Amino acid sequence: MMGRKIISNRLAIARHGYILISVLFYISGLVCIIAPDLNLEATAVAGGVMLILYGIIKITGYLSDDLYCLAFQHDFACGLLLIVLGIIELILHARFRGYLLLALGILVLFDGLLCVQTAIDARRFGLVSWYIIMAGSILLGVLGIVLIIVNTQTVAGCCLLAEGVLHHYLIQCTMSPSMTRQREMDSE
């Protein structure tokens, strides 16, 4: 019983963490679009902290027991990668100024591709919203490619907004509190 409660708590922390990260993506995206000329050092530090936080949330999600094993299926390795990139950005951001948007574009493209796989798995599990996940994943991947090519703050803002929307939706449709409670009842 105690073990199930710990897993349930990790799942709740991961779910709320993903929602928090989605909100941070919304805010960051809007800031990039509205004020693209912000101090690069401040944005690099904020980005590094956000990457580390996102990595911790991803690892927490991976260690939880979600209903379909969809929301967090790639999150251990991705979480470690995000933490390492966040630390690098915090320490060496001045050296890599010209590459920050390129790195974000690659991360967004990679995340879009992983979410395509999640959409395919969601279809296999019978989730009726799999096609919305697929469409959002493809859009995210395309935005990542555009950011790699165009490399502007405005496109970066659009990428961050799309990341936030897709992950918020993914958590809502694969990890609603009612699904989590149903899973707990089924395992008792």
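Residues numbered from 1 in each chain as written. Predicted model: local features only at pLDDT ≥ 70, side-chain atom pairs only at ≥ 80, totals over all residues. Heavy atoms only, no water.

Brief notes about the confidence of the model for the protein
As a general rule, the predicted coordinates of low-pLDDT regions are not to be interpreted in detail. With 86% of its residues at a pLDDT of at least 70, the protein reaches an overall mean of 84. Mean pLDDT across the secondary structure elements of the protein bottoms out at helix α7 (residues 177-187), with 46, and peaks at helix α5 (residues 130-150), with 96. Here residues 180-188 is modelled with pLDDT under 50, and outside its nearest four sequence neighbours on either side it reaches eight contacts, counting other chains as well. (pLDDT = per-residue confidence, 0-100. Helix = DSSP H or I, 4+ residues; strand = E, 2+ residues; numbered from the N terminus. Contact = heavy atoms within 4.5 Å.)

Looking at the pattern of salt bridges
Here the structure, examined in full by the defined rule, presents two salt bridges. Note that Asp-75 is salt-bridged to Lys-58, the shortest N-O span being 3.1 Å. One end of the pair, Asp-75, is in helix α3 (residues 75-92); the other, Lys-58, is in helix α2 (residues 40-62), and 17 residues separate them in sequence. Each member of the pair, Asp-75 as well as Lys-58, is classed as buried. A salt bridge links Asp-121 to Arg-124; the shortest N-O distance between them is 3.2 Å. Residue Asp-121 and its partner Arg-124 are both found in helix α4 (residues 100-125); the two are separated by three residues, about one turn of the helix. Owing to a relative accessible area of 65%, Arg-124 belongs among the exposed residues under this scheme. (Salt bridge = Lys/Arg side-chain N within 4 Å of Asp/Glu carboxyl O. Buried < 20%, exposed > 50% of the residue type's maximum accessible area, 1.4 Å probe, protein only.)

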